[in-house]
Amino acid sequence: MGCGSSFPDRDSRQFGRPNTENGGGQDARNLRVKLVLLGDSGVGKSCIVLRFVRGQFDATSKVTVGASFLSQTIALQDSTTVKFEIWDTAGQERYAALAPLYYRGAAVAVIVYDITSPESFSKAQYWVKELQKHGSPDIVMALVGNKADLQEKREVAVQDGTDYAEKNGMFFIETSAKTADNINELFEDIVDYATSKLHHDVLAA
Amino acid sequence: MSEMSSSEHDSESSILLHLPPLSQSLFDAEPSDLQQPNGSAARPSSDPSSPTSSGYAPERGSSTATSVSHVEEVLSNEIQEITIHDPQPLSHSSWLPGKRHGDEDDASISWRKRKKHFFVLSHSGKPIYSRYGDEHKLAGFSATLQAIISFVENGGDHVKLVRAGKHQVVFLVKGPIYLVCISCTEEPYESLRGQLEIIHGQMIVILTKSVNRCFEKNPKFDMTPLLGGTDIVFSSLIHSFSWNPATFLHAYTCLPLAYATRQAAGAILQDVADSGVLFAILMCRHKVISLVGAQKASLHPDDMLLLANFVMSSESFRTSEAFSPVCLPRYNALAFLYAYIHFFDDDTYLMLLTTSSDSFYHLKDCRIGIEAVLLKSNVLSEAQRSLLDGGMRVEDLPPLPRSGSSHLGQHRVPSDSPERSREPDCGVGGAAGLWHFIYRSIYLDQYISSEFSSPINTPKQQKRLYRGYQKLFASMHDKGIGPHKTQFRRDENYVLLCWVTQDFELYAAFDPLADKALAIKTCNRVCQWVKDVENEIFLLGASPFSW
């Protein structure tokens, strides 16, 4: 965490609008979900978001600075619309101390690692522990193994991801932002998962 | 304070004696890196085991696309040829952002041949940043630099400059952080030291000065992970030393706009500033459209330069709105501010700075309000038009005496008009062989630079001219032998004329055959012209700038 002390306000104010606390919308047919992506730099957080929000994939990925804010509305099969307000955070070490700014008040935390990088899997576990310690107890966590298209370079077994997610009560999926594999599923399923997991009054009115 | 060489002032005095022609090497253009034969050698991508590497071949995390750059390097000569008439004065097509030559180290011949190195290291000798080559492979070299600095410091002194043949080694010590430039570009010591100061400022923008505390806790602290992914910010800054006069003038420049358009932008920014925003800045590339500060808050031009470079070089800001901590070193080097950043289009962007880390949604609402007004008042389209039209052109310089009001571009004279043919030595460029000028208003801390005219239209020529201006700036501001009021210097490339008064500084470049008396007369015309159009080229009144 290096220079954590150089970041002020790390544990003070609430981030986000009061009425979207925990991401709860007022109407079961119109949900608003505040979602934050966390994970090591270079695992593809921005690529996942851009694939989901804009349907694009840019191989010349750009390093995220601070955090980017994007939103996307999807319709579920039961005609519920879900508006995702997404914080795509920077993976660099210097921003780690700022993460509470973005994950506080989030209903869903998506923790991403790269299946070709064991280091990024360890970093994902760091984020899980951080959220268990400092995050809202109601936060729904998803573990995502990205770059699933790079099978030949895989260094983190699917089973390792599944096991870790199960042990920590997390939703798990492997995705590829490059091929778009499981990207929409990630966001759709996370809502299902959250609705079934959470108390009725948190996500749905 | 001691200098390890006394020859530094010799080179300065040769300027002030006004003895043309100066030696050719003084203005030798620095050959572009792209032309280095070794630069195009195939090289491996960054370390694949690095956690920042993405695993996909064409995207190499912080070290940028190496395979792509190889192709573009080969093509770069052709690209430069084609872009001679590019409306942008400096074609960026030949410059690739991010670290290049990442595989080199101090044993590589190609690395040793680079004309200008920048290094940042810690007081324990650990590498922090190197313009060329992999920092980690340069540990031994960093240790050597550290040894030189501490050897002199142990003697109760400070090393500022070492000369070794054509090379200058410039040192700057900033607490536990050491910055070193090794250059054979013949730039004055003051310019190089100023560039090191700016690099240090950029580091503070990213980390604040409280990073120094990490070294107090652990002298062997490794700072490189904290700067992960910022190579592109520093390479873009270093690149700007050769094209952006703000890096040595310590002033900012505005996008030329009709007075009413800029007023409209300023008014809405003022509304936002009144609602608890510290600084509201609307910019188009590196030029200011308008900016407003909360009461008593003042913004230094150097902070603006660093902020604009940070935002412009970080591609992710263009993808979506963002909220990021930034530090303004001249405002408060110890604390972060929070910046809301939004690009309205490829060029025009808004930065709203606040001290409060939880104001994202408020700032987002502010931006929505601002955007509505900017669209309604056509500010964004006017900005685009101004970019296309460009600013002041030496060819449009109106004749003296002036009467009535004047507007940019109003005086464009057809090349066959009798008025133009009266001017002797007109040739290319403007009147009396005027090729280019920079006018810096001391009171406003703003400058205006003319568009480059046809004799100076390649990036290489422009870089050479800026180096000439930098030399002038350094010699005019030399505390030991200055200050000076005017300087007229002729060499085989051009005549450079500098005129410093209490209100402004004028730097002008003329045809090398230009007549001195006529050149001086032309400078008067330029000053009058700038005054005539100051409404459009400067941000006037209610300036939050004070220092």
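Residues numbered from 1 in each chain as written. Chains lettered and ligands numbered in written order. Predicted model: local features only at pLDDT ≥ 70, side-chain atom pairs only at ≥ 80, totals over all residues. Heavy atoms only, no water.

Draft legend 1. Seen up close, the sheet that holds strand E4 (residues 167-174) of chain B. Residues and elements named next belong to chain B. Spatial strand order, E2-E1-E5-E4-E3: 5 strands in an open sheet with antiparallel pairing. Single-partner strands in this sheet number two, and they are strand E2 (127-130) and strand E3 (161-164). The average undirected angle you get between the axes of adjacent strands in this sheet is 15°. Summarising the sheet, strand E1 (residues 116-122) and E2 pair through 3 bridges and their orientation is antiparallel. Its bridge partner being in E2, Leu121 is matched across the sheet by Pro127. Each of E1, E2, E3, E4 and strand E5 (177-183) is contacted by helix H5 (residues 189-207), which is oriented at about 40° to E4, the strand it contacts most. (Pairing = 2+ DSSP bridges. Helix = DSSP H or I, 4+ residues; strand = E, 2+ residues; numbered from the N terminus. Axes fitted to C-alpha atoms, helices over the stretch in contact; angles between N-to-C directions. Contact = heavy atoms within 4.5 Å.)

Draft legend 2. Representation of the UniProt feature "domain: FUZ/MON1/HPS1 first Longin" (unreviewed entry) in chain B within the structure. Here the UniProt-annotated "domain: FUZ/MON1/HPS1 first Longin" (unreviewed entry) positions come out as residues 116-236 of chain B. A distance of 14 Å separates the end C-alpha atoms of residues 116-236 of chain B, which is 39% helix and 25% strand. (UniProt positions renumbered as here; feature names shortened; annotations may be inferred.)

Draft legend 3. Molecular detail of the pairing of strand E2 (residues 67-75) of chain A. In the sheet, E2 of chain A pairs with strand E3 (residues 81-89) of chain A via 9 bridges, with the strands oriented antiparallel. Across the sheet, Thr73 of chain A pairs through a bridge with Lys83 of chain A, a residue of E3 of chain A. The pairing of E2 of chain A with strand E8 (residues 322-326) of chain B spans 2 bridges and is antiparallel. The partner of Ala67 of chain A across the bridge, within E8 of chain B, is Phe323 of chain B.

Draft legend 4. Looking closely at the side chain of Ser236 of chain B. All names here are of chain B. Along the polypeptide, Ser236 turns up in helix H7 (residues 231-240). A relative accessible area of 14% places Ser236 in the buried class. A polar side-chain atom of Ser236 sits 2.5 Å from a polar atom in the side chain of Asn309. (Buried < 20%, exposed > 50% of the residue type's maximum accessible area, 1.4 Å probe, protein only. Polar contact = N/O pair within 3.5 Å; in protein donor to acceptor, adjacent residues only side chain to side chain.)

Draft legend 5. Representation of the side chain of Ser191 of chain B in the model. Among the secondary structure elements, Ser191 of chain B is positioned in helix H5. Discounting residues that sit within four places of it in the chain, Ser191 of chain B has contacts with Gln470 and Ala474 of chain B.

Draft legend 6. Structural detail: unusual backbone geometry. Phi angles above zero are rare outside glycine, and Ser79 of chain A is one such case at about 65°. With respect to the secondary-structure elements, Ser79 of chain A resides in the loop between E2 and E3.

Draft legend 7. Quick look at the pattern of salt bridges. Residues and elements named next belong to chain B. Using the criterion set out here, one finds 15 salt bridges over all chains in the structure. As a salt-bridge pair, Lys116 and Glu187 come within 2.8 Å of each other at their nearest N and O atoms. Of this pair, Lys116 sits in strand E1 while Glu187 sits in the loop between E5 and H5; the two residues are 71 residues apart in sequence, bridging distant segments of the chain. The same class applies to Lys116 as to Glu187, namely buried. The partner of Arg367 in a salt bridge is Glu321, and the shortest N-O contact between them spans 3.1 Å. You can see Arg367 sitting in helix H13 (residues 360-376) and its partner Glu321 sitting in the loop between helix H11 (316-319) and E8, a full 46 residues away along the chain. The exposure class assigned to Glu321 is buried, which follows from its relative accessible area of 8%. (Salt bridge = Lys/Arg side-chain N within 4 Å of Asp/Glu carboxyl O.)

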